[in-house]
Amino acid sequence: MSPDLPPVVPSVTAELVAALSPRLRKRLDAGVTKLLARPAVREGDTVRIAVDDETDVVLRAPGGTVTGADAIHCGCLLAPDCLHRAAAASAAPVAEEAPAPAEVTEAGEGTGTAQPEPDAATAEQRAAARAVFDAAAAVLEAGTDGAGAVLQAELLHAAHTARLAGLPRASAAAVSVVTGVRAARSADPGHRLTDLAGALAGVLGVAHRLPHATGPDLTELRGTVRQPYRPDGSLRLYGLFSEPVLTATGYAGAVTWTADADGRLYTVSDVAPGGPARATGAADRAVRIGDTALTHRELSRAGLAVSGATVSPTGRLGAGAGVRAVRASGAAWRAEPLDRLWAVPAAEQVARALNGGQDLLFLEVTLAGTVREATGDCLLADCAGLPLRLATAHDDPALPHRDNLRLLAAAGGSRLRIVARLAPGPYPRALLLAVEHPTDPGARVDLGLDRLRRADLPAGAVAPPARAMATGDEAPLHLLRRRVHQVVPGGRRVLALAGNRPGDGARLRRLGLATAGDLLDDLHAAAADRSRDTFGRLLPADTGHFARAWLAAAVYTDEVERALCAAAWGAAVNEVSSPGRTL
């Protein structure tokens, strides 16, 4: 996937791949690799790729997005049903499909008009959900190593069908899997195996439950086209911090977090197709709300007075024509009204996050050096008696997260307020986003945008050597989690070749995790379940059976890890946080 190419809506990619002959489909992955190696030249809304000395592929993206198959043109003799057009669409980032005009209101956001709760899914929706499940199951069967452009296009086609059937949640979940698969196959530094496993479990879970859901459950599983914006009158906001956005899907920018006098959080974002340069530069662009000339970096330390505000359910501020905003004074983290964010006990904040609420944590910690993990060193801090691990929020070398964390390691003993994002696990862990300045009281550092210097540290500060510590995962849940994660890159064949280790299931049951042991045995049995015909030839695999066994194991693992995380923080959580997460 190339950030130099404009994003292409799923239906276009699906249409172009479907038009290929069987012979060309076999060559599509090689065609994508070859095309990605060629330079792309952008001229306004047009991107031109020189396939060879005589042939160009041209992508026209008015408004920044390719929305029709006729917007991708190739000059070769096999066009329009040529390999080059399909390869260009498959190499480009996946774009969001715009909602229908009737669904659009201020600033291009959804109306959010309340609809009556449906009694049951329609026949069209049930068929669309089955198509999404089957296409996602095929991707899981092959694993990311085997899920090439053809399988991706089939899942994109299913996503488009689900959107037309009024299932935006399933559609968006399917698209997120495709972008995650592409990131994995291209060794994108932003790829995370756990994130892709979660995306696969998400799309399979939604598609599996939709045909049988009714009432409020069905309403949530269907989702909404866009998050509705509601009028919120006048707001007085105080800047908290800014963070860069750099996704595996080819989008980049910045998000600035603010809070009102009651501690409610609001965000202003500027995210668009782009790469690391856009992520680092967006902080110095003016925020897109009202007529204010404040940049994101400035707003993170200043304030904003907004009239005619519109707000999404997640707190994102709308930027419609009726919104007015002017600069106002900010507040320090230790002054009112922001001080109250840090007054909430950590356990309550974690419970809020695990129960589906905001996942930002406002903590006061004492830095205590570094601890060595498989993914690299992270900060160790004391948080009200809990040993907390603080990891980088993003590992891309263009962002200063990693360098800043290394410098902070030398400020051992410093007691600082931080903003972090919860990272669920069997021990307290969070992704560090912003921190009080180590030597300048009242100042703050946005760790993804600002760069700390040695002079910013306390005099004589020296980073201690990293310590190796136990993971804290005393329950052998890793025996199941490892198999769940192994399937994502390697597919069914990884478990079929590895075979079942009879002792693993027995060990899980012996230590009180009987369900985990049964699920592990079921997963191995489903992987090995291949029937043969009368001539001894293997019959086509039952991808649905394997996908359901994997989904059950993934959902169980997620819920147990959630419970372990709550126990580690001393947080109280609901038994089930979201209807879409259960089977």
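Please refer to the structure placed before this passage.
Right, let's walk through the structure included here. (Residues numbered from 1 in each chain as written. Predicted model: local features only at pLDDT ≥ 70, side-chain atom pairs only at ≥ 80, totals over all residues. Heavy atoms only, no water.)

Backbone hydrogen bonds are what pair the strands of a sheet, in a parallel or an antiparallel way. The antiparallel open sheet is built from 4 strands, whose spatial order is E1-E2-E3-E4. Lying at the two open borders of the sheet, with one neighbouring strand each, are strand E1 (40-43) and strand E4 (72-74). Each strand of the sheet is rotated relative to its neighbour by a mean of 20°, with strand direction disregarded. When strand E2 (residues 46-50) meets strand E3 (residues 56-60), the two strands line up antiparallel, connected through 5 bridges. Residue Ala 50 lies in a different strand from E3, and its bridge partner there is Asp 56. (Pairing = 2+ DSSP bridges. Helix = DSSP H or I, 4+ residues; strand = E, 2+ residues; numbered from the N terminus. Axes fitted to C-alpha atoms, helices over the stretch in contact; angles between N-to-C directions.)

With 65 residues, the main nonpolar core has Leu 204 and Trp 550 as its most contacted residues. For this core, the secondary structure elements donating two or more residues are helix H5 (123-146), helix H6 (149-164), helix H7 (168-185), helix H8 (193-209), helix H9 (215-222), helix H14 (478-490), helix H17 (514-528) and helix H18 (543-569). Considering each element in turn, this core owes the most residues, 11 residues, to H18. In terms of nonpolar packing, the next biggest core, distinct from the first, is built from 36 residues, Leu 408, Leu 432, Ala 568 and Trp 569 among them. (Core = buried A, V, L, I, M, F, W, Y, C linked by side-chain atoms within 4.5 Å. Buried < 20%, exposed > 50% of the residue type's maximum accessible area, 1.4 Å probe, protein only.)

Note the cis peptide between Ala 79 and Pro 80, where omega equals 10°. By secondary structure assignment, the location of Pro 80 is in the loop between E4 and helix H4 (83-91). The linkage connecting Glu 336 with the following residue, Pro 337, adopts the cis geometry, with an omega of 5°. By the element assignment, Pro 337 lies in the loop between strand E9 (324-328) and helix H12 (346-354). For Ala 384, which is not glycine, the phi dihedral falls at a positive 55°.

So, about the pattern of salt bridges. One pass over the structure, following the stated rule, counts 27 salt bridges. Between Asp 217 and Arg 209 there is a salt bridge, and its shortest N-O distance comes to 2.7 Å. Here Asp 521 ties to Arg 509 by a salt bridge, and the two come within 3.1 Å at their closest N and O atoms. Here Asp 521 is found in helix H17, whereas its partner Arg 509 is found in helix H16 (residues 502-510), with 12 residues between them in sequence. Residue Asp 521 is classed as partly exposed on the basis of its relative accessible area of 21%. (Salt bridge = Lys/Arg side-chain N within 4 Å of Asp/Glu carboxyl O.)

Another aspect to go through is helix H3 (residues 28-36). Each full turn of the α-helix corresponds to 3.6 residues, which orients residues three or four apart in the same direction. Within H3 the residues assigned to the buried category are Leu 28, Gly 31, Val 32 and Leu 35. Looking down the long axis of H3, one finds its buried residues gathered within 100° of arc, a one-sided arrangement. For H3, the exposed residues set more than 90 degrees away from the buried face come down to Ala 30, Thr 33 and Lys 34. Check the buried side of H3 and you find it contacts helix H1 (10-18), helix H2 (22-26), E2, H4 and H6. (Arc of directions from axis to C-beta. Contact = heavy atoms within 4.5 Å.)

With that out of the way, let us pick up the sheet that holds strand E6 (residues 251-259). The sheet built from 5 strands is open, its strands ordered E7-E6-E5-E8-E9 with antiparallel pairing. With one partner strand each, in any of the chains shown, strand E7 (265-273) and E9 form the two edges of the open sheet. When the angles between neighbouring strand axes are averaged without regard to direction, this sheet yields 35°. Bridge count between strand E5 (residues 230-246) and strand E8 (residues 303-311): 7 bridges; the pairing is antiparallel. If you follow Pro 231 over to E8, its bridge partner there is Thr 310.

Residues Arg 23, Arg 27, Lys 34 and Arg 38 make up a contiguous surface patch of positive charge. Relative to the helices and strands, Arg 27 is located in the loop between H2 and H3. (Patch = residues over 30% accessible without salt bridge, like charges linked within 9 Å, V, L, I, M, F, W, Y side chains within 5 Å. Areas by Shrake-Rupley, 256 points an atom, 1.4 Å probe, with all protein chains shown as cover. Lys, Arg positive; Asp, Glu negative; His and termini not counted. Charge placed at Lys NZ, Arg CZ, Asp CG, Glu CD.)

This structure, assessed with the given rule, holds 3 aromatic pairs. Relative to Trp 257, the ring of Phe 241 has its centre 6.2 Å away and its plane inclined at 10°; by these criteria the two rings are stacked. Of this pair, Phe 241 sits in strand E5 while Trp 257 is found in strand E6, placing the two residues 16 residues apart along the sequence. Of the residues examined, Phe 241 reaches a relative accessible area of 0% and is grouped as buried. Look at Trp 257 and you get buried, because its relative accessible area is 8%. Here the aromatic cluster, defined as three or more aromatic residues joined through ring pairs, consists of Trp 333, Trp 342 and Phe 362. Its guanidinium or amino end placed over the ring of Tyr 427, Arg 389 lies 4.5 Å from that ring's centre, counting from NZ or CZ. (Phe/Tyr/Trp six-rings, centres within 6.5 Å; stacked < 30°, edge-to-face > 60°. Lys NZ or Arg CZ within 6 Å of the ring centre and 35° of its normal.)

With that settled, consider the packing of H6 against H7. When two helices pack together, their arrangement is given by the angle between their axes and by how far apart the axes lie. One way to put it is that H6 packs onto H7 with a least axis distance of 7 Å and a crossing angle of 160°. By the criterion of interaxial angle, the relationship of H6 to H7 is roughly antiparallel. For the crossing formed where H6 meets H7, the hand is left-handed. Of the residues in H7, those in contact with Gln 152, Leu 155, Leu 156, Ala 159, Ala 162 and Arg 163 of H6 are Ala 170, Ser 171, Ala 174, Val 175, Val 177, Val 178, Val 181, Arg 182 and Arg 185. When grouped by side-chain class, the residues that make up the contact of H6 with H7 number 10 nonpolar, 2 polar and 3 charged. (Parallel < 35°, antiparallel > 145°, perpendicular 65-115°, else oblique. Left-handed = near helix turned anticlockwise from the far one by under 90°. Nonpolar A, V, L, I, M, F, W, Y, C, P; charged D, E, K, R; others polar.)

Before going further, it helps to examine the environment of Leu 380. Note that Leu 380 resides in strand E11 (residues 376-383). Between the alpha carbons of Leu 380 and Val 365 there is a distance of 9.6 Å; along the sequence they are 15 residues apart.

Considering the arrangement of structural elements, one finds Val 206 in helix H8. Overall, the relative accessible area of 3% leaves Val 206 in the buried class. For Val 206 and Glu 220, which are 14 residues apart along the polypeptide, the C-alpha to C-alpha distance reads 9.7 Å. In this structure Val 206 touches Arg 169, Ala 170 and Leu 221, once residues within four positions along its chain are discounted.

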